[in-house]
Amino acid sequence: MNEIVQFIRGKEEEMVEMLKAIVEHETPSDHKELTDTLGSWIAEQFTRLTSGKTEIIPNDRYGNHIRAEWGEGEEQLLFLAHFDTVWPEGTIKEKPFRIEDGKAYGPGVFDMKGGIVQGLFAVHALQTLGKKLNKKVVFLFNSDEELGSPTSQTLIEEEAAKSTQVFVLEPAMSTEGALKTSRKGVGIFQMEVKGRPAHAGIDPEKGVSAIGEIANQISYLHSLTDLSIGTTVNVGTVSGGTTSNVIAATAVAEIDLRVKVKDEFDRVIPLIENLEPRDGRTHLSVKGGINRPPLERTKEVQSMFQKAKALAKQYLDIDLKEKETGGGSDGNFSARLAPTLDGLGAVGDGAHANHEHLIVREMTVRSALVALLLMEFGNEC
Ligand SMILES: [Zn+2]
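Below is a short write-up of the structure.

The rules behind these values
Residues numbered from 1 in each chain as written. Predicted model: local features only at pLDDT ≥ 70, side-chain atom pairs only at ≥ 80, totals over all residues. Heavy atoms only, no water. Donors = N, O, S within 2.8 Å, 3.2 Å for Na, K, Ca; no water. Helix = DSSP H or I, 4+ residues; strand = E, 2+ residues; numbered from the N terminus. Buried < 20%, exposed > 50% of the residue type's maximum accessible area, 1.4 Å probe, protein only. Contact = heavy atoms within 4.5 Å. Phe/Tyr/Trp six-rings, centres within 6.5 Å; stacked < 30°, edge-to-face > 60°. Axes fitted to C-alpha atoms, helices over the stretch in contact; angles between N-to-C directions. Parallel < 35°, antiparallel > 145°, perpendicular 65-115°, else oblique. Left-handed = near helix turned anticlockwise from the far one by under 90°. Nonpolar A, V, L, I, M, F, W, Y, C, P; charged D, E, K, R; others polar.

1. Notes on the coordination of the zinc ion
Line of reasoning, step 1. Donor atoms from the polypeptide that bind the zinc ion are His82 (NE2), Asp111 (OD), Glu170 (OE) and Glu170 (OE), placed at 1.9 to 2.7 Å.
Line of reasoning, step 2. Taken in chain order, the donor set of the zinc ion reads H-x28-D-x58-E. You can see His82 sitting in strand β3 (residues 76-82) and its partner Asp111 sitting in helix α5 (residues 109-128), a full 29 residues away along the chain.
Line of reasoning, step 3. In this structure Asp111 comes out as buried when scored by relative accessible area, which is 7%.

So, in structure tokens, the structure goes:
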């Protein structure tokens, strides 16, 4: 195990070089040409570094996804890594890749291009050192995670169902570097209200305000939040009406529901779906549903984390922590089908934010952690 750690520690320069290249390939989720280019590049790098095989999975709507495989075995370990970012084309000109005070900056560097580099070098180490596992290792590189994985969800679920464990190369929890052992499930709803328009000055009594109705519903919806059990309901956008002197005929609100455990979906969703108008003269409808199920901190997830913690202590001399997060990832999809450990990617801060960065010296440490996990879970029967 120590030789793996030594090998990866010597690769910092190469990793940073690759990080620069991968960040400079911009990949906004909705830009097929750009994401296709980087997908093919990642496939080439995978073959170069691991001698594994790759398959391009064509996608009409967004970038092609990449399935890569290393080693052999009846069973498999799955790694999830998305290569799209939330940053539009041209961001690289305003925020070029740069290293300052040991931190690497650039669009998508933390979420989650750093994690891709670290994952590739973990397998590279095993390949170069001639390590063999009892299980094959599958990497799914998808192009549409930031959109909610509309074209890769099924793929993720199919591969997760065939895997004994799933590892997600999403960033660790901020600069502390904690792994993510619990992620909230997400529900997204749209509430639409139709009232009756009227001149606010001349015929106010003839109007029924859709905005008034929505306002009444919002306070009820927000009252469904129960922080003690991790359930939140947030009306994040409201729109409606035409001008100030017209009683609003329509109004729309977008609702975000987050739960820590699946049972809360069963309890809260009907309360949202069956909302009744307070003013019987309005018409109220709700669309939407579950976007991602929760990644629950099950016994299996806890045991995966304990193993990671022990390896980190023994070989890397770090005290690995675990955290829960309200944010979703593809780990939410896989967790339903196989125990999933998330947050194994970059250590840094500022996902989707201007100060996005990763800590350079942590790259080899986290890459070594992934390699150790491969050895641990790839050789158990
Ligand atoms: Zn991400």
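2. What about the environment of Ile56?
Line of reasoning, step 1. Take Ile56: it is sitting in strand β1 (residues 53-57).
Line of reasoning, step 2. By relative accessible area, Ile56 is classed as partly exposed at 43%.
Line of reasoning, step 3. Put simply, Ile56 and Arg278 are 222 residues apart on the chain and 53 Å apart in space, counted from C-alpha to C-alpha.
Line of reasoning, step 4. Sequence-distant contacts of Ile56, defined by excluding residues within four places in its chain, comprise Ser40, Asn64, His65 and Ile66.

3. Looking at the packing of aromatic side chains
Line of reasoning, step 1. Across all of its chains, the model carries five aromatic pairs by this definition.
Line of reasoning, step 2. A centroid spacing of 4.8 Å and a plane angle of 10° characterise the contact between Phe79 and Phe139, whose relative ring orientation is stacked. Here the residue Phe79 occupies a position in strand β3, and Phe139 occupies one in strand β6 (residues 136-142), the gap between them amounting to 60 residues. Taken individually, Phe79 and Phe139 each receive the classification buried, so the pair is uniform in this respect.
Line of reasoning, step 3. Residues Phe79 and Phe167 carry aromatic rings whose centres are separated by 5.0 Å and whose planes lie at 20° to one another, so their mutual orientation is stacked. Taken as a pair, Phe79 in strand β3 and Phe167 in strand β7 (residues 163-168) lie far apart in primary sequence, 88 residues in all. Residues Phe79 and Phe167 agree in their burial class; the two are buried.

4. Digging into the environment of Asp36
Line of reasoning, step 1. Within the secondary structure, Asp36 is located in helix α3 (residues 32-50).
Line of reasoning, step 2. Among the residues examined, Asp36 registers a relative accessible area of 18% and is labelled buried.
Line of reasoning, step 3. Among all residues touching Asp36, those that are not within four sequence positions of it are Gly63 and Asn64.

5. A few points about the packing of helix α2 (residues 12-24) against α3
Line of reasoning, step 1. With their axes 10 Å apart at the nearest point, α2 and α3 run at an angle of 160° to one another. Classified by the interaxial angle, the pair formed by α2 and α3 is roughly antiparallel. Our pair here, α2 against α3, has a crossing hand that is right-handed. Of α3, the residues touching α2 (which contributes Met18, Ala21 and Ile22) are Leu38, Trp41, Ile42, Gln45, Arg48 and Leu49.
Line of reasoning, step 2. Residue composition of the contact of α2 with α3, by class: seven nonpolar, one polar and one charged.

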